[in-house]
Amino acid sequence: MKILVAIKRVVDYNVKVRPTSDGKSVDIANTKKSINPFCEIAVEEAIRLKEAELATEVVVVSVGPDAVQEQLRTAMALGADRAIQVKTEADLEPLAIGKALKAVIEREDPGLVMLGKQSIDGDNNQTGQILAALTNMPQGTFASHVAIADKRVVVTREVDGGLQTLSLSLPAIITTDLRLNEPRYASLPNIMKAKRKPLFVIDLNEFGIDSEPRVVTTAVESPAQRQPGIKVANAAELVDKLKNEAKVIT
Amino acid sequence: MSILVIAEHDNLTLKDSTLNTITAASQLSDDVDIVVIGYQCDKVAAAAAKVAGIANVLVFDQEAYQYQLAENLSSLLKDIALEYRYILAPATTFGKNLLPRTAALFDCQPISDVIEIVDANTFKRPIYAGNAIATVISEQSKLCLTIRCAAFEAAGLQSTAAPIQHYATDISSTLSHFVSADIATSDRPDLLSANVIIAGGRGMQSADSFTLLNNLADKLGAAVGASRAAVDAGYVPNDMQIGQTGKIVAPDLYIAVGISGAIQHLAGMQDSKVIVAINKDEDAPIFQVADYGLVDDLFTAIQELGELL
Ligand SMILES: Cc1cc2nc3c(=O)[nH]c(=O)nc-3n(C[C@H](O)[C@H](O)[C@H](O)COP(=O)(O)OP(=O)(O)OC[C@H]3O[C@@H](n4cnc5c(N)ncnc54)[C@H](O)[C@@H]3O)c2cc1C
Ligand SMILES: Nc1ncnc2c1ncn2[C@@H]1O[C@H](COP(=O)(O)O)[C@@H](O)[C@H]1O
């Protein structure tokens, strides 16, 4: 079985971004970029399934400009076998990403497709669910455990109330949550090896999909800043302040 | 310009998240319907009919909808949605799982985590873990929105219950089966609707010490939450995680105990009215958002607070 993993290049999670001075977008020039952490978890899970001989090949795909090749190479250094860049300079929305990934699925015919549950820049949490709708595949979102057996995949999902376990027919779409696994680090020999692994580039235009933006961002602002508070000396003063100043407890 | 709100429920009770979503819907139009999809969910439909602002309750009560799997519900909603300009769901794991799948079936790009409705086509939503707020405009013929519950009040009750209409459409996809659920039950308030939340972080050091927080929470009528580090370490279950990728809360009082204040955690609680931080490190970033900071060993502080309350 082949596993396709969709990865996104994002501003590293340690970077605190700010709106640009014209208030139209976010200033991400010269910031460190990484694989979206949830996608890294998806790559790790796919590699583990291959190591457990439940999968035969791990293919990573990213939709974006040539810069995404850096993250595709990293994923191959972690253990993915080959990579696909769907090349575009445009900043696509989840619906268009879903359409592009659907086109890749039609060419690659994977048995399982893994995505992160959320990109930490756009915070959409949409692409996996959209892709599942477009391909009419079952979806196991926010996965914290994945087990493949008898041509099905059993997915435990982190939901607001606790955990829910579903059994999905294959091929299926899985989106990963934080506790699915802890991704490994790439070793130097594997980073060298990854340079020789195949990376196939296809232009988005070849898919002939409608990728026109449907939602336009007109302004980006900083959130309301909290006023700095005070330090209290001890628990007694804290209780007094909460009762008599903030009036939030009685 | 009619609106359809998708009810979040467990076949017995209507979840509070639905009430916040209805408030957002009422800001867009007076013409708000709600759809209840489930199995043996009469009580939910009756509760929905009483919520202020609801004009009609649509009920789809079939065994196939017992676990509200996204595959079945999205196919059903695709047809119901024809009648509506807006489809709204809460930005909870329920709504996030379902709404994008539904929207894609009618070629709509959904808008996640709306915190403000500016006008009929303009919305605000946080991006980059709340480090920035984006204003977005969409002229799509249909708009699918998930609503951040912490940003909207809960809708109240109306004096006359809305009419309830039952429909018999039965869509059972074989793609996905329910296996099991492990849903936490607690006598404490729900994190998403609690007025007071006490949250523990890695500083708590063990699962056992969370019982200290529970005791304190019971005295305050508070819910108990946690940072990702506390969940990852196995001190508490995942449903307690607050943050960018966990629950987003905005109680009147948030007490962070042994939490450093990483941006991903702040994203889930920085809209709380009053924030208290208890941490032994006076340089911990959590103090930059705290109204009241107590630099102390948390175990000492918890014990003293327990005696004072
Ligand atoms: C993609 C991604 C998503 C994430 N999503 C979330 C999320 O949703 N929610 C979230 O919380 N995090 C999230 N994180 C993790 C986040 O970056 C931090 O790692 C996490 O919030 C740290 O948790 P903490 O503050 O409990 O632990 P730490 O940062 O280790 O802080 C522990 C604190 O406890 C204090 N302390 C220790 N002992 C004592 C004592 N005896 N008395 C008093 N104080 C003490 C220390 O001084 C320290 O400040 C995410 C990270 C990534 C990469
Ligand atoms: N440009 C992209 N290329 C490849 N995969 C993507 C891209 N954007 C989003 N994804 C996938 O979709 C997931 C969820 O993203 P989002 O819906 O934007 O929160 C990510 O974790 C990726 O797995």
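Conventions we followed
- Residues numbered from 1 in each chain as written.
- Chains lettered and ligands numbered in written order.
- Predicted model: local features only at pLDDT ≥ 70, side-chain atom pairs only at ≥ 80, totals over all residues.
- Heavy atoms only, no water.
- Domains from an automatic or database assignment.
- Contact = heavy atoms within 4.5 Å.
- Buried area = accessible area lost by both parts, 1.4 Å probe.
- Salt bridge = Lys/Arg side-chain N within 4 Å of Asp/Glu carboxyl O.
- Nonpolar A, V, L, I, M, F, W, Y, C, P; charged D, E, K, R; others polar.
- Near = heavy atom within 4 Å.
- Polar contact = N/O pair within 3.5 Å; in protein donor to acceptor, adjacent residues only side chain to side chain.
- Areas by Shrake-Rupley, 256 points an atom, 1.4 Å probe, with all protein chains shown as cover.
- Helix = DSSP H or I, 4+ residues; strand = E, 2+ residues; numbered from the N terminus.
- Expected span 1.5 Å × (residues − 1).
- Buried < 20%, exposed > 50% of the residue type's maximum accessible area, 1.4 Å probe, protein only.
- Core = buried A, V, L, I, M, F, W, Y, C linked by side-chain atoms within 4.5 Å.

For an interface, size is often stated in terms of accessible area lost upon the parts coming together. All names here are of chain B. Domain boundaries assigned for chain B yield domain 1 (3-167) and domain 2 (196-308). Computed over C-alpha atoms, the centres of domain 1 and domain 2 are 31 Å apart. Contact residues are listed per partner, giving five residues for domain 1 and seven residues for domain 2. Interface area, domain 1 with domain 2, both sides summed: about 530 Å², of which 55% is carbon and sulfur. When the buried area of domain 1 at its contact with domain 2 is split by residue, Ala129, Arg148 and Ala150 rank highest and sum to 76% of it. Applying the counting rule to domain 1 against domain 2 returns zero salt bridges. Partitioning the side of domain 1 that touches domain 2 into residue classes produces two nonpolar, two polar and one charged.

This part takes up the site of ligand 2. Residues and elements named next belong to chain A. The environment of ligand 2 is formed by 17 residues, the closest being Ala6, Val63, Ser119, Asn125 and Thr127. Contacts to ligand 2 include Gly116, whose backbone N or O atom sits 2.9 Å from an oxygen atom. Between ligand 2 and Asn124, the relevant distance is 3.1 Å, taken from an oxygen atom to a side-chain nitrogen or oxygen of the residue. Here ligand 2, which alone exposes 490 Å², has 97% of that area covered by the protein. Where the shell around ligand 2 is concerned, the elements lending two or more residues are strand 6 (57-64) and strand 8 (112-116).

Below, the discussion takes up the site of ligand 1. Contacts to ligand 1 come from 30 residues, most closely from Arg202, Ser227, Ser260, Gln264 and Asn279 of chain B. Ligand 1 is flanked by residues contributed from chains A and B. A distance of 2.8 Å separates a nitrogen atom of ligand 1 from a polar side-chain atom of Thr245 of chain B. The protein chains hide 86% of the 1000 Å² of surface that ligand 1 would expose on its own. Among the elements of the structure, helix 1 (37-51) of chain A together with helix 6 (228-232) and helix 7 (263-266) of chain B are those that each provide at least two residues to the shell around ligand 1.

A few words on helix 3 (residues 94-108) of chain A. For helix 3 of chain A, spanning 15 residues, the distance from its first C-alpha to its last is 20 Å, which sits close to the expected 21 Å at 1.5 Å a residue. Among the 15 residues that make up helix 3 of chain A, twelve are buried, leaving the element largely enclosed by the rest of the structure. Turning to helix 3 of chain A, its buried residues number three or more, namely Pro94, Leu95, Ala96, Ile97, Gly98, Lys99, Ala100, Leu101, Ala103, Val104, Ile105 and Glu108 of chain A. The inward-facing, buried residues of helix 3 of chain A contact strand 1 (2-6), strand 6, strand 7 (82-87), strand 8 and helix 4 (127-135) of chain A together with helix 4 (93-105) of chain B. Note on helix 3 of chain A: the residue one or two positions beyond its end, Asp109 of chain A, has a positive phi of about 50 degrees.

Attention now goes to the nonpolar core. Residues Val57, Leu88, Phe123 and Leu145 of chain B are the most contacted members of the largest nonpolar core, which totals 43 residues. Among the elements that take part in this core, helix 1 (residues 16-28) of chain B stands out by supplying five residues, more than any other. If we ignore the near neighbours within four places in the chain, the residues touching Leu145 of chain B are Leu28, Ile87, Leu88, Ala89, Leu99, Ile111, Val114 and Phe123 of chain B. Formed by 41 residues, the second largest nonpolar core is a distinct cluster that contains Ile7, Leu72, Ala77 and Ala83 of chain A.

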